[in-house]
Amino acid sequence: MKAIIYMRFLAICMLLHAYGANAQNRTVSGKVTGSDKEALPGVSILIKGTTQGTTTDAKGDYSIGVPATDAVLIFSFVGYNSTEINTANQSVIDVSLQQNDQQLSEIVVVGYGTVKKSDLTGSLSQIKAKEINAFPATNVLQAMSGRAPGVQVTQNTGAPGAGVSVRIRGTNSVQGSNEPLYVVDGFPTSGSNPTIINNSDIESIEVLKDASATAIYGSRGANGVVLITTKQGKSGKMQVDYEGSFSQQTLRKKLDLMNAKEYAMFYNEQAANDKVNPYFTQAQIDGFGEGYDWQDLVFRKAPMQTHNLTASGGNEKTRFSVGASIFDQDGIIKGSNYKRYSLRAALNTDFSKMFSLSYGATLTKIKTSRQNNGGGNRGGSLISAAISAPPTLTPYNEDGSYRALATAYPFISNVLINPLNYINEQTDEVDANRILANAALTFKPFEGLAIKISGGIENSDDITNGYTTTNFINSQGTATVSNARGTSLLSENTISYIKTLAEKHSISAVAGFTYQDFLSTTLGGSGVGFLSNVTETANLGSANTPGIPSSSYSFSTLLSYLARVNYSFSSKYLATLSFRADGSSKYSEGNKWGYFPSAALAWRVSEEEFIKNVPAISDLKLRSSWGLTGSQAIGAYATLNNLAAGKTVFGDALYNTFAPGTLLPGNLKWETTEQLDFGVDAAFLNNRYHISLDYYIKNTRDLLNTVQLPLGYGFTSTIQNVGQIRNKGLEIAVDGRIIDKAFKWNLGANVSFNRNKVVKLYNGADILGGSIGVTLISDAANLLREGEPMSVFYGYLKNGYNETGKEIYKDLNEDGVINQLDKTIIGNPNPDFIYGINSNMSFKGLELSIFLQGVQGNDLVNVSSINNTLDYGFGLNMPREVYTNHWTPTNTNAKYPVLSRANSYNYSDRLVEDGSYMRLRNIQLAYNLPLSGWGVKWMRSAQIYVSGQNLLTFTKYSWWDPETNSQGGSNSLGQGIDHYSYPTSKSVTTGIRVGF
């Protein structure tokens, strides 16, 4: 019986094969060109209703077998309109495809929905997947730098996994964070840096800038909103994509320090000036030579590699996308690294025409090894020691032990530590786990109406282990362990409706309510004095002196109601109205609710008859918007009378106590940002060139800040709504297809100007911020003052040298005394403008992309230079120019003062440098392999590339790198400070991208 069934099955297969052979009994061939008659290689040609197809070769030619009966061929190519042609009895079909600019018709993501780009009424910038994944980066925010007008991205340090500061249209808050809100696949995250997301998993990033776009996020929209959309599955054959890269990183530049002979002569001169015996004999000086450069000990060539694998596909009902990635970066400082492992899954399924379900989850594990690299004084940190260690000495003694630098010479700094101690004997490791998962059920009872119920969870768990071994100089062994956990639960429930009336009136609306809570806890322990280094942080109980454990708890909730209506008349007149009400547990009774409306109007002038007859103008839209957004800006319990734990002694016993804290609770309300925006979007010459202009004014009022209280209150300070800040600026973005033939060249650029001003402060009093904390100079670096930009530098003005070569300062009030009254504004960390330039050229299979990014007109305070250009009495090595250009009786106009231990200094404009730079952020040469020409059908695409990151940086800044912000982050006061920051590296990358 089985044999009969098998024979019948073979017969059916043979008949089907014969039918297929007869059906494919003719060939259609031809050539595909563009509207300029240039050949188009790689055009997809598909027999409609089947999966059979081919592509054009390098000359635009194609050949395909079609059935004897009529067949329809679909010709499609990126950037061109698809064309369907019935083959009928034709054997030769030449096709000319018309170019299609997709910018106006493409869909962009906005808060709680999507919209056609042509229908936008607010200010939005989009960064696409190709730009996001242009080069390896530990943080997706690095890929935003220079890509979107109005967005300033600063890498705080060059350390692997270091934080990134993002400012959208300036700084708004003093007390609160200035980071934008990050929304990943609709989930408003609680963190300020979305490190959980791998760059290759992102489909697009939308940056919402004006109030019309951000007001739908209410109390968290004042600093802008960054919407991150990950890749989703699409119906069709399953596709597998892999990308792998390997990079070699190096220090961008070395500091030109004194060699051993110069060092010895330098300190002998200092000894002579201070009337002490010389430290080195002439014989020693003659024998030193170049000596040892300690930068070579600390910095290294470091590898970085990435691997990303994604599979996606599905059918009309169910689509999926799953991916895994590895990011592994060794830092250019020995002992530092960053490793990230991610798993991601996305599923979308339609149960029926009425019900659909979507689910997405990302699991990430991050392991970071950090070095004691930032800050420090007179060689008391790794980077400080790398510069300061004498070139006359080497790292090891003759017996192989670490050389003790602090006792090497009688005149040397007693805190100068051999960098090997930090590299080999000290660890600071973070083991982090991140989970972001959300799901949504959508019910569509009839066409145009959708009810969506969604929920999600964000969870973070960070364990930090720090250990200093007993081999570290003067160490008994020190261990610290801390655990920080954060959980955020989200529930969002929305209803949306889309309707077109009389073919002219288009309405889309969304309304809903959301709930989100935020829980964070910490736990820490420590110990000093260990008999052995074997257990490190695994057994704090074995310490001779256990530390006092510490812990904390914080919980807050946010309940919101939201609504938005978009109206369009004939796709010509557009209007958007939105409203959000936020209730926060953080605020006082009577002030818990904040209300945030917005409105926007747009006029597509190009749809008017008097413009349609102007052939040069393809599109012209005028926009205006107004709205209110907010910032919570305080901790969970800032409005409550918190009790502080303590200890006290009664008699001979120790008792636990609780007493009111030093912060007087205040009756606080929201910080509110009011923003007005005017914009123009235009396209010319058949959408070949585009330009977008935005002018905005942002006023933040009810600014929250800590206010000092008079003595006798029982409290030392309180938080009050006391100030106002204004940002206003201009953003310009242009792009175009410069050459659009066989050789293609697309060029885009953007530039942003922002002017920041402190309008009002409590009683008009200045606010000091930032800090310079080294022995030689200790002062506040930044200042908030009414009428001035945020965080200006405030100090003394250098006024040359006196007759003995010591630095003197200007007596601004001419009272004969140099004191606080002679301080003035000495610099501004806010740039005049920021910009980016992106060029993409292609010819056949070759692609060349060049990306330039820059900042102009900002100042930096070089705190690193205090010890290493001015602190002459402690044996620290210094840049060579200090040796060649210091004050002597015959060189009184020198850059640096007399070499003397007796010098004293104030925080002055000497430390302020121009932080402007232009950087070749990325250059890439790629080749797309001609798979169809080779007859390779099992691969969809294949590209090999070589690229360079940060290869060239044009700057006047004297230290390692101008892109630094040692005290950066969400803080708005300590800006533009470089205090022995981990240098930024440059790198060369090779990689491959393949699709199956």
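As a convention, each chain's residues are numbered from 1 in the sequence order in which they are written. Where totals are concerned, whole chains, interfaces and linings use all residues; where local detail is concerned, this predicted model gives features only for residues with pLDDT of at least 70, and gives and counts side-chain atom pairs only at 80 or more. For side-chain calculations, the full set of non-hydrogen atoms in the structure is used, while hydrogens and water are omitted.

Q: Just to check I follow, could you spell out the overall build of the protein for this structure?
A: Where helices and strands are cited, they refer to DSSP runs of H or I of at least four residues and of E of at least two residues respectively, numbered from the N terminus. Counting its secondary structure elements, the protein contains 12 helices and 54 strands. Along the first, second and third principal axes, the C-alpha set of the protein runs to 105 × 70 × 70 Å. Residues classed as buried in the protein amount to 49% of the 996 residues present. Any pair of residues with heavy atoms lying within 4.5 Å of one another is described as a contacting pair. A sequence separation of at least 24 residues applies to 70% of the contacts in the protein between residues at least 6 apart. Surface exposure here means Shrake-Rupley accessible area, sampled with a 1.4 Å probe, where a residue is shielded only by the protein chains that are shown. Taken as a whole, the protein presents about 44300 Å² of accessible surface, with 57% of it coming from carbon and sulfur. Only four residue types enter the tally: Lys and Arg on the positive side, Asp and Glu on the negative side, with His and both chain ends excluded. By convention, the point assigned to a charge is CZ for Arg, NZ for Lys, CD for Glu and CG for Asp. Placing the 83 positive and 82 negative side-chain charges of the protein at their respective mean positions leaves the two points 7 Å apart. Using a 1.4 Å probe on the protein chains alone, a residue whose accessible area is under 20% of its type maximum counts as buried, one over 50% counts as exposed, and one in between counts as partly exposed.

Q: Just to check I follow, could you spell out the pattern of salt bridges for this structure?
A: Pairing is possible between side chains of opposite charge, provided their charged atoms come close. Salt bridges are identified by distance alone: a Lys or Arg side-chain nitrogen within 4 Å of an Asp or Glu carboxyl oxygen. Enumeration over the complete set of coordinates arrives at 41 salt bridges. Close ionic contact of K130 with E847 constitutes a salt bridge, the shortest N to O distance being 3.6 Å. Residue K130 is located in helix α2 (residues 129-132), and its partner E847 is located in strand β47 (residues 846-856); the two are separated by 717 residues in the primary sequence. By relative accessible area, E847 is classed as partly exposed at 22%.

Q: Before we go on, may I ask you to explain the sheet that holds strand β4 (residues 61-66) in this structure?
A: Hydrogen bonds along the backbone pair up the strands of a sheet, which may run parallel or antiparallel. Pairing in this open sheet of three strands is mixed, and the strands run β4-β1-β7 from one edge to the other. One side of each edge strand has no neighbouring strand; the edge strands of this open sheet are β4 and β7 (95-96). A pair of strands is labelled paired if DSSP reports no fewer than 2 bridges between them. The sheet contact formed by strand β1 (residues 26-33) and β7 spans two bridges and is parallel. Bridge pairing in β7 places V32 opposite V95.

Q: Would you explain the side chain of E425 in this entry?
A: In this fold, E425 is placed in helix α8 (residues 419-425). Of the polar contacts made by the side chain of E425, one reaches the side chain of Y402; its length is 2.8 Å. The term polar contact refers here to a pair of N or O atoms within 3.5 Å; inside protein, the definition further demands a hydrogen-donor-capable atom paired with an acceptor-capable atom, and it admits residues adjacent in sequence only when both atoms are side-chain atoms. At 2.7 Å, the side chain of E425 forms a polar contact with the side chain of T469. If near-sequence neighbours (up to four positions away) are discounted, E425 is found in contact with Y402, L420, Y467, T468, T469, N471 and F472.

Q: Please clarify how helix α4 (residues 260-273) should be interpreted in this entry.
A: Spacing of three or four residues puts side chains on the same side of an α-helix, whose turn is 3.6 residues. The end-to-end C-alpha separation of α4 is 20 Å, in line with the 20 Å expected for 14 residues at 1.5 Å each. Listing the buried residues of α4 in full gives A260, E262, Y263, A264, F266, Y267, N268, Q270 and A271. On its buried side, α4 packs onto α5 (282-288) and α11 (880-884). A distance of 3.2 Å separates the backbone nitrogen of K261 from a side-chain oxygen at the start of α4, and that oxygen is part of N259. One less than the residue count of a helix, multiplied by 1.5 Å, gives the span that helix is expected to have.

Q: In this structure, what is going on with the packing of aromatic side chains? I would like to understand it.
A: The relative placement of two aromatic rings is captured by the distance of their centres and the angle of their planes. Classification of ring pairs uses Phe, Tyr and Trp, with its six-membered ring standing for Trp, and accepts pairs whose centres are within 6.5 Å; under 30 degrees between planes counts as stacked, over 60 as edge-to-face, and the remaining range as tilted. Scanning the entire structure with this criterion turns up 30 aromatic pairs. With centroids separated by 6.2 Å and ring planes inclined at 65°, the aromatic side chains of Y263 and F280 adopt a geometry described as edge-to-face. Pair noted here: Y263 is in helix α4 and F280 is in the loop between α4 and α5, with a separation of 17 residues, a long-range link. Overall, Y263 belongs to the buried group, its relative accessible area being 0%. Judged by centre distance (6.1 Å) and plane angle (90°), the rings of F596 and W670 are edge-to-face.

Q: What am I meant to see in the confidence of the model for the protein here?
A: Should the pLDDT be low somewhere, the predicted coordinates at that spot are not to be read in detail. As a per-residue quantity, pLDDT reports the predictor's confidence and falls between 0 and 100. Mean pLDDT over the protein works out to 89, with 95% of the residues at or above the 70 mark. Between residues 1-24, whose pLDDT stays under 50, and residues either more than four places distant or in other chains, the model counts seven contacts.

Q: What is the right way to read the pairing of strand β27 (residues 550-569) from this model?
A: Strand residues, when the strand is regular, have side chains that alternate between the two faces of the sheet. Pairing geometry for strand β25 (residues 505-528) and β27, over 20 bridges, is antiparallel. Note that in β27 the partner of Q516 across the bridge is L558. Where β27 lies against strand β28 (residues 573-584), 12 bridges are found, and the strand directions are antiparallel. By the bridge assignment, V565 is partnered in β28 with L577.

Q: I keep staring at the environment of K504 and nothing clicks. Help me out?
A: Inspection of the secondary structure assignment puts K504 in the loop between β24 (478-501) and β25. A residue is classified by how much of its surface remains accessible, and K504, at 46% relative accessible area, is partly exposed. Sequence separation between K504 and T468 is 36 residues; the distance between their C-alpha atoms is 72 Å. Each residue touching K504, except ones within four places of it in the same chain, is listed here: S568, F569 and S570.

Q: For this particular structure, what's the right way to read the nonpolar core?
A: Buried together is how nonpolar side chains tend to be arranged in soluble globular proteins. To define a nonpolar core, start from buried Ala, Val, Leu, Ile, Met, Phe, Trp, Tyr and Cys residues and group those joined through side-chain atoms within 4.5 Å. Of all hydrophobic cores here, the largest spans 43 residues; its most connected members are F266, I772, I777, V861, I866, Y872 and Y907. The set of elements that each furnish at least two residues to this core consists of α4 and α10 (864-870). If you tally residues by element for this core, the top one is α4, at four residues. Residues within four places of I772 in sequence aside, it is in contact with I777, S778, D779, A781, V861, V863, I866 and Y907.

Q: Where do I start with unusual backbone geometry in this structure?
A: With the exception of glycine, most residues fall at negative phi, and the peptide bonds are largely trans. Within the chain, D185 stands out as a residue other than glycine whose phi angle is a positive 50°. Of note, D185 is situated in the loop between β13 (181-184) and β14 (187-188). Its identity is not glycine, yet D702 carries a phi of approximately 55°, on the positive side. Tracing the sequence through the fold places D702 in strand β35 (residues 689-708). The exposure class of D702 is partly exposed, given its relative accessible area of 22%.

Q: Would you mind showing me how to read the sheet that holds strand β6 (residues 83-86) here?
A: Spatially, four strands are ordered β3-β2-β5-β6 in an open sheet, and the strand pairing comes out antiparallel. Each edge of the sheet is formed by a strand with only one pairing partner; in this case those strands are β3 (53-55) and β6. In this sheet, adjacent strand axes meet at a mean angle of 20° when their direction is disregarded. Sheet topology places strand β2 (residues 44-47) next to β3; three bridges connect them, and they run antiparallel. Axis definition: a line fit to C-alpha positions, over the contact stretch in the case of helices; interaxial angles, taken between N-to-C directions, run 0 to 180 degrees.

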